[in-house]
Amino acid sequence: MTSHYFRPRGRRGPRWLVSDHLRGVTVEFYVSTDVFSPGEVDTGTRLLIEHALVPERGTVLDLGCGYGVIGITLAKAYLGLRVVMVDVNPRAVELARLNARHNGVEDRVTVLQGSLYEPVEGMVFDAILSNPPLAAGMKTVEEIIRGAPRHLAPGGSLQLVMKKGANKALELMRSVFGEARVLLRKKGYTILYARKLGQGPGESQ
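Residues numbered from 1 in each chain as written. Predicted model: local features only at pLDDT ≥ 70, side-chain atom pairs only at ≥ 80, totals over all residues. Heavy atoms only, no water.

Asks: Please set out the overall build of the protein chain residue by residue, giving values where relevant.
Replies: Per the secondary structure count, the protein chain includes five helices and nine strands. Along the protein chain, from the amino end to the carboxyl end, the secondary structure elements read β-β-α-β-α-β-α-β-β-α-β-α-β-β. Burial statistics for the protein chain: of 205 residues in total, 55% are counted as buried. Restricting the contact set of the protein chain to residue pairs at least 6 apart, pairs at least 24 apart contribute 72%. Taken as a whole, the protein chain presents about 9300 Å² of accessible surface, with 49% of it coming from carbon and sulfur. (Helix = DSSP H or I, 4+ residues; strand = E, 2+ residues; numbered from the N terminus. Buried < 20%, exposed > 50% of the residue type's maximum accessible area, 1.4 Å probe, protein only. Contact = heavy atoms within 4.5 Å. Areas by Shrake-Rupley, 256 points an atom, 1.4 Å probe, with all protein chains shown as cover.)

Here it is, written out as structure tokens:
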């Protein structure tokens, strides 16, 4: 498994709230300087939330969740959805758990600390969503793609938002899944989609 791309920064920064309206619901998140994009929901994450194809009922993995924007927003938008969120940064995990409680979805959201798929070994999902950090590099993106099939139920999908390396990632997804496509290109970002063969739950956008 990949080496950790997170590097501890020492003392914890102060904590404050940011709010937004995403996927038809209002959400609030505690953030701090210890996590990615503490000032606002970043553009790539926002685009993935608004355009991802997810089942209204089922289980979703938010991989590299940060303070929890993707998973918590989808859990709040779809009451039949259960979400598992993973991040290697202990501060992000702490904030994601706090944010799940703050947004009233803690009964359907599980937050785990660890690198990529390590904390969810043996688990399968109807969708895996990720906004891989640029600092992680293409090696981490490759491990996300190659590891996805064993963690997807039949018909389940992997969806990534990329700012750099999208074409290379698309080629790898096609190699691993047999086919893959671009869901969206906007504002310099690309959302990639691949589905594991088989019949899965219906998806909503």
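Asks: Please give an account of the pairing of strand β3 (residues 57-63) that cites residues and values.
Replies: A large share of β3 lies buried, amounting to five of its seven residues. By the bridge criterion, seven bridges tie β3 to strand β4 (residues 80-87) in an arrangement that is parallel. Paired with G58 across the bridge in β4 is L81. One ladder, built from four bridges, connects β3 with strand β6 (residues 125-130); its direction is parallel. Each bridged residue has a counterpart across the sheet, and for V60 the counterpart in β6 is A127. (Pairing = 2+ DSSP bridges.)

Asks: Please provide a residue-by-residue account of unusual backbone geometry, values included.
Replies: With a phi close to 50 degrees, R23 is a non-glycine residue in the positive phi region. Looking at the element boundaries, R23 is found in the loop between β1 (15-22) and β2 (25-32). Although it is not a glycine, L116 sits at a positive phi angle of roughly 50 degrees. Relative to the assigned elements, L116 resides in the loop between β5 (109-113) and β6. The exposure class of L116 is buried, given its relative accessible area of 4%.

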